[in-house]
Amino acid sequence: MNFLEVMKFRHACKIFDENKKISAGEFDFILEAGRLSPSAMGLEQWDFLVVQNKELRQKIREVSWDQPQITSCSHLVVILGKVAEIKYGSEYVDKIIARCEDKAPETIAQRRNFYRDVLVENFKNDDELTFQWSHEQCMIAAANMMNAAASLGIDSCPVEGFDRAALNEVLGLDTSKQRVAIVVPFGYRLNPQPKKYRRELSDIVKWIY
């Protein structure tokens, strides 16, 4: 499929065929698409949980509006947005800065000052502001993973219909460190794809000259 065909194939699949499983190689491809996604300041504000445990999936479903795709999918990915590690001065941020080994020491120092100014001035060391920023970056990774899956003929469904506080608790997360951003089930559709409705470009795009 070309890219537009991939976009037309992808839809929010609500019911997956529980008898069809994604191969290890194909799922690695999907995860790699997430790993290689762009992120603000290159901080990769995400971690991926792949939940295959049936009992845990059921608990996730119970706090996710009882949505059946949570338990019927082949692979369930929970994307976590970082909080503590994204704050300036964390070991994680220092590692991100230092991994550019080809950069001169003064360039690294300038980069560190730039990170400090952006992170402290914009997010003020506040957990809520920091998570919101991470959440936005997680959506980029989720979109790339879903499109990568679609390129293989694999379906997905972006899920934000859940009780975030309850889901964080189900997963045993320390919310000062990371929180659930989005849940994405992957698998193969059981039912035919419904018609896709979108506005026309003429309704969406305004050109400014």
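Per an unreviewed UniProt entry, the protein is named Nitroreductase family protein, and its organism is Campylobacter rectus RM3267. Regarding the protein, the relevant UniProt record gives this comment under Cofactor (unreviewed entry): "FMN". Per its UniProt entry, the protein bears the Sequence similarities (unreviewed entry) comment "Belongs to the nitroreductase family."

> Which residues make up the overall build of the protein, and what values go with them?
The helix and strand tally for the protein stands at 9 helices and 4 strands. The order of α-helices and β-strands along the protein, N terminus first, is α-α-β-α-α-β-α-α-α-β-α-β-α. Structurally, the protein occupies a C-alpha span of about 55 × 50 × 35 Å along its principal axes. By residue count, 42% of the 209 residues in the protein fall in the buried class.

> Break down the pattern of salt bridges for me, citing the residues and quoting the values.
Scanning the entire structure with this criterion turns up 11 salt bridges. Here Lys82 and Asp47 are joined by a salt bridge, their closest N and O atoms 2.8 Å apart. Separated by 35 residues along the polypeptide, Lys82 in strand 2 (residues 75-82) and Asp47 in strand 1 (residues 46-51) bring together distant segments of the chain. A salt bridge links Arg61 to Asp66, with the shortest nitrogen-to-oxygen separation between them at 2.9 Å. You can call Asp66 partly exposed: its relative accessible area is 47%. Through salt bridges that share partners, Asp47, Lys82 and Glu85 make up one connected network.

> Kindly report on the sheet that holds strand 2, identifying the contributing residues and their values.
Here 4 strands make up an open sheet; going across it, the order is 1-2-4-3 and the pairing antiparallel. Here the strands that pair on one side only, and so sit at the sheet edges, are strand 1 and strand 3 (155-156). Note: strand 2 against strand 4 (residues 178-187), 8 bridges, orientation antiparallel. The residue of strand 4 that forms the bridge with Gly81 is Arg179. Packing against the sheet, helix 2 (residues 24-35) makes contact with strand 1, strand 2 and strand 4, and its axis sits at approximately 160° to strand 1.

> I'd like a description of the domain arrangement of the protein, backed by residues and values.
When the domains of the protein are assigned, the result is domain 1 (10-84 + 127-186) and domain 2 (88-124). Computed from C-alpha atoms alone, the centre-to-centre distance between domain 1 and domain 2 is 28 Å. Listed per partner, the contact involves 9 residues of domain 1 and 12 residues of domain 2. Between domain 1 and domain 2, the buried area comes to about 900 Å², and carbon and sulfur atoms account for 67% of it. Three residues, Met41, Leu43 and Leu129, lead the burial of domain 1 against domain 2; their summed loss comes to 58% of the area buried on that side. One can count 1 salt bridge joining domain 1 with domain 2. If you look at where domain 1 meets domain 2, you find 5 residue pairs in polar contact (both at pLDDT 80 or more).

Reading the values: rules and limits
Residues numbered from 1 in each chain as written. Predicted model: local features only at pLDDT ≥ 70, side-chain atom pairs only at ≥ 80, totals over all residues. Heavy atoms only, no water. UniProt positions renumbered as here; feature names shortened; annotations may be inferred. Helix = DSSP H or I, 4+ residues; strand = E, 2+ residues; numbered from the N terminus. Buried < 20%, exposed > 50% of the residue type's maximum accessible area, 1.4 Å probe, protein only. Salt bridge = Lys/Arg side-chain N within 4 Å of Asp/Glu carboxyl O. Pairing = 2+ DSSP bridges. Contact = heavy atoms within 4.5 Å. Axes fitted to C-alpha atoms, helices over the stretch in contact; angles between N-to-C directions. Domains from an automatic or database assignment. Buried area = accessible area lost by both parts, 1.4 Å probe. Polar contact = N/O pair within 3.5 Å; in protein donor to acceptor, adjacent residues only side chain to side chain.

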